Amino acid sequence: MNNANSPLNDRGDNFFRMKHFLLFSLSLFLLISCAKEKIEEYDGWGFYKPSHFPEPHYKFEKNNLTRARFDLGRDLFYDPILSSDSTISCAKCHAQTHGFADHNVNFSLGVNNSIGKRNSPALSNLAWYPNFMWDGGINHIETFSFAPITNPIEMHETMSNVVAKLNASSYYKDKFKKAYGNPTVTDQNLLKALAQFMALMISAESKYDNYVLGKTTFSAAEKNGLQLFRTHCASCHTEPLTSSFGFANNGLDSDFTDDLGRGLVTQDPNDNGKFRIPSLRNVSLTYPYMHDGRFFTLSQVLDHYSNGIVQSSTLDPSLGIGFNFTTQEKQDIITFLNTLTDQNYLANPYLSEKKK
Amino acid sequence: MKNLFISAAFVVAALSMSSCKKDDDTTPTSTTGTVEINMAHRWGNSTTNFLLNMELVHPMTNDTLTFTTFKYYVSNIKFKKADGTWYTHPESYFLVDLSTSGSEILSIPNVPIGEYTDMEYTMGVDSLQNVAGAQTGALAVSNNMFWSWNSGYIMVKAEGTSPNSGSGSFAFHLGGFMGTNNVVTTNSVNFIGNSLTITGGKTSEVHMIVNPAKLWHSSAPLATSSSIMMPGATAKTMATDFYNGIMFDHIHE
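In this text, all values refer to a predicted model and were calculated from it rather than measured experimentally.

Peer 1: With reference to specific residues and values, describe the overall build of chain B.
Peer 2: When helices and strands are counted, chain B shows 3 helices and 15 strands. A buried classification covers 49% of the 253 residues belonging to chain B. Long-range contacts, defined as pairs at least 24 residues apart, comprise 72% of the intrachain contacts of chain B with a sequence gap of at least 6. As displayed, chain B has an accessible area near 11,400 Å², and 54% of this comes from carbon and sulfur atoms.

Spelled out as structure tokens, the structure:
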């Protein structure tokens with residue numbers, strides 16, 4: 001834990017603008033007395049860099065992490081008020097019990113039962129992502145939420161409407177006042193609060209993590225699976241986050257007209273058919289797999305990489321004609337992949353819905 | 001204890017308000033004045049006013065257009081003194097929106113008094129702000145000038161109806177801040193022999209002429225292209241033609 005979980009941050013930016021020493025002392029006294037009463041609340045909460053992780057991409061610049069802002073983001077994440085007909089929350093398609101993926105459906109339902117053509121990805125360790133979405137089109141965790149809120153096939157709402165609805169809610173006016181010192185809801189503060197909640201989705205306590213940190217041992221099958229993973233998969237599913245956060249065509253199709261993927265964003269034909277290399281954390285729970293959710297089991301995924309690779313001009317060269325895994329090898333890789341399930345993450349009380 | 005807490009909180013609030021006021025003071029003093037840049041919108045030749053919901057004929061493509069939306073960003077305004085030094089207005093981002101009266105006047109307070117010979121301004125939103133996360137004011141996403149699915153500001157938004165478009169409407173969302181698709185353009189104005197005099201506590205005006213017809217200065221008529229929704233070569237041509245067509249008119253002190 002760093003100083004991010006210090007209750008001092010709860011007083012926000014204005015606190016630091018105050019100049020008078022007297023005032024400073026007075027406030028400090030108040031903070032200390034508040035903190036004493038609520039010390040349990042800060043226990044276990046906060047942003048931290050797991051010791052085996054690289055430096056995070058997002059560092060809360062211009063968005064000082066405070067408990068009140070995180071709590072606001074958490075309320076918003078679970079509140080369907082963000083959608084046009086108040087039926088769809090972020091959590092509807094990103095359920096904690098499913099590693100923050102949808103409930104094992106290939107395509108999520110938006111407002112009016114709208115359906116898209118990409119699978120709701122599992123969410124974890126978002127502070128390490130340089131960009132977001134299957135095509136990487138979103139360049140910042142703070143502007144991320146703008147996309148699902150306004151997408152007609154997802155929440156189908158406008159930011160102005162969301163802001164108006166929240167401004168009409170005494171509950172949220174109070175929460176925004178606690179978080180930002182001002183009860184008036186703005187889209188900037190809304191997005192920043194959601195970013196704080198998302199950035200604290202840290203999954204780093206799976207059996208795999210404990211093995212890497214020397215805290216536990218692997219079975220022979222898990223070890224063999226890890227070895228195979230490191231040989232064939234880890235160049236894209238880079239450890240320990242299990243993603244390089246790059247984009248690759250993994251040989252699903254040869255015709256990309258239905259969804260250009262990364263090429264849609266870069267407008268470079270060399271990127272057509274490439275999609276985000278997903279993190280594999282909690283992968284045993286986040287089925288179905290691939291950007292379009294076409295595979296419902298890890299067995300199907302391993303069969304694909306073994307001998308189902310479809311050749312095309314943008315196919316990732318590391319896949320070649322497939323890895324031709326034996327049945328045992330596939331089984332061992334799956335046994336290893338199961339070690340990426342992080343029960344502490346799936347049960348992290350700070351990431352669960354808070355009863356209002 | 002509770003009473004002490006409340007009264008202490010009151011003191012904190014009162015003191016913090018007074019200290020904020022000092023920090024945020026923008027009242028012009030005798031050492032600074034205000035510049036108002038007035039963006040006057042004209043269609044084609046400079047005698048026809050450009051307004052929303054008004055049927056207009058393009059002088060080059062002969063398309064008939066009725067605009068329902070016209071919005072664009074101007075940013076990073078600087079003034080050059082006669083001695084060659086620059087005054088840069090910090091964090092100046094303006095969204096001109098023809099549906100919001102008053103937005104065509106870009107007000108820049110706290111400009112140091114003196115004689116200024118040149119002005120520089122940027123059309124669009126610099127790359128840094130396109131990658132800086134959630135913004136406020138003119139740059140807030142709720143202004144509907146930010147692409148949700150492919151992050152970046154829509155720097156010019158022109159929408160409306162036309163009998164020449166196959167769909168009966170047109171929509172040009174122009175932007176792009178990276179590489180060859182970067183439309184952001186910095187324009188310089190020389191006050192041509194005149195100088196902009198900033199007097200303490202007073203407002204001086206710079207009048208500019210903005211001609212939305214320039215969007216089609218070298219772009220195809222609506223029958224060929226009536227919609228752009230992402231950065232690219234055609235967006236860049238339209239945006240930069242429009243930007244380069246913005247003219248300095250006169251100074252009014």
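Peer 1: Quick one: what's the story with the packing of aromatic side chains, residue by residue and with numbers?
Peer 2: Inspection of every chain in the model, using the stated rule, returns 40 aromatic pairs over all chains. Here the aromatic rings of A:Tyr208 and A:Phe336 are separated by 6.0 Å at their centres, their planes lie at 80°, and the arrangement is edge-to-face. Of the two residues, A:Tyr208 is situated in helix H11 (residues 207-212) and A:Phe336 in helix H15 (residues 327-337); the sequence distance between them amounts to 128 residues. We note that A:Tyr208, like A:Phe336, is buried. Judged by centre distance (5.6 Å) and plane angle (80°), the rings of B:Tyr73 and B:Tyr153 are edge-to-face. Here B:Tyr73, found in strand E4 (residues 64-81), pairs with B:Tyr153, found in the loop between helix H2 (127-130) and strand E9 (154-161); they are 80 residues apart in sequence, far enough to count as distant. B:Tyr153 shares its class with B:Tyr73; the two are buried. Through a chain of ring-to-ring contacts, the aromatic side chains of B:Trp43, B:Phe50, B:Phe67, B:Phe70, B:Tyr72, B:Phe170, B:Phe172, B:Trp216, B:Phe242 and B:Tyr243 assemble into a single cluster. The ring of A:Phe247 has A:Arg262 sitting right over it, with the charged end atom 4.2 Å from the ring centre. For the cation-ring pair, B:Lys78 lies above B:Trp86, with the distance from its terminal atom to the ring centre recorded as 5.9 Å.

Peer 1: Lay out the pairing of strand E10 (residues 169-175) of chain B with the relevant residues and their values.
Peer 2: Residues and elements named next belong to chain B. Among the 7 residues that make up E10, 6 are buried, leaving the element largely enclosed by the rest of the structure. By the bridge criterion, 7 bridges tie E9 to E10 in an arrangement that is antiparallel. Bridged to Glu-159 within E10 is Ala-171. Judged from the 2 bridges that link them, E10 and strand E14 (residues 227-228) form a sheet pairing that is parallel. Paired with Ala-171 across the bridge in E14 is Ser-227.

Peer 1: Can you lay out the pattern of salt bridges for me, pointing to particular residues and giving the numbers?
Peer 2: All names here are of chain A. For the coordinates displayed, the defined rule picks out 16 salt bridges over all chains. A salt bridge links Arg-230 to Glu-239; its shortest N-O distance comes to 2.6 Å. Here Arg-230 falls in the partly exposed class, since its relative accessible area comes to 41%. Take Glu-239: its relative accessible area is 24%, and that puts it in the partly exposed class. Taken together, the salt bridges that share partners define one network made up of Arg-67, Asp-71 and Lys-354.

Peer 1: Explain the nonpolar core to me, using residue names and the numbers behind them.
Peer 2: With 122 residues, the main nonpolar core has B:Ile37, B:Phe67 and B:Phe79 as its most contacted residues. Among all residues touching B:Phe67, those that are not within four sequence positions of it are B:Trp43, B:Phe50, B:Leu52, B:Asn53, B:Met54, B:Leu56, B:Ala158, B:Glu159, B:Gly160, B:Phe170 and B:Trp216.

Peer 1: Could you give me a rundown of the packing of helix H4 (residues 67-77) of chain A against helix H9 (residues 170-180) of chain A, with the residues and numbers involved?
Peer 2: All names here are of chain A. Interaxial distance between H4 and H9 falls to 8 Å at its minimum, and their mutual angle equals 150°. Relative to H9, the element H4 is oriented roughly antiparallel. Here H4 runs over H9; the crossing is left-handed. Residue-level inspection shows Ala-68, Arg-69, Asp-71, Leu-72, Asp-75 and Leu-76 of H4 in contact with H9, the latter providing Tyr-171, Tyr-172, Lys-175, Phe-176, Lys-178, Ala-179 and Tyr-180. For the contact of H4 with H9, the per-class residue count stands at 8 nonpolar, no polar and 5 charged.

Cut-offs applied
- Residues numbered from 1 in each chain as written.
- Chains lettered and ligands numbered in written order.
- Predicted model: local features only at pLDDT ≥ 70, side-chain atom pairs only at ≥ 80, totals over all residues.
- Heavy atoms only, no water.
- Helix = DSSP H or I, 4+ residues; strand = E, 2+ residues; numbered from the N terminus.
- Buried < 20%, exposed > 50% of the residue type's maximum accessible area, 1.4 Å probe, protein only.
- Contact = heavy atoms within 4.5 Å.
- Areas by Shrake-Rupley, 256 points an atom, 1.4 Å probe, with all protein chains shown as cover.
- Phe/Tyr/Trp six-rings, centres within 6.5 Å; stacked < 30°, edge-to-face > 60°.
- Lys NZ or Arg CZ within 6 Å of the ring centre and 35° of its normal.
- Pairing = 2+ DSSP bridges.
- Salt bridge = Lys/Arg side-chain N within 4 Å of Asp/Glu carboxyl O.
- Core = buried A, V, L, I, M, F, W, Y, C linked by side-chain atoms within 4.5 Å.
- Axes fitted to C-alpha atoms, helices over the stretch in contact; angles between N-to-C directions.
- Parallel < 35°, antiparallel > 145°, perpendicular 65-115°, else oblique.
- Left-handed = near helix turned anticlockwise from the far one by under 90°.
- Nonpolar A, V, L, I, M, F, W, Y, C, P; charged D, E, K, R; others polar.

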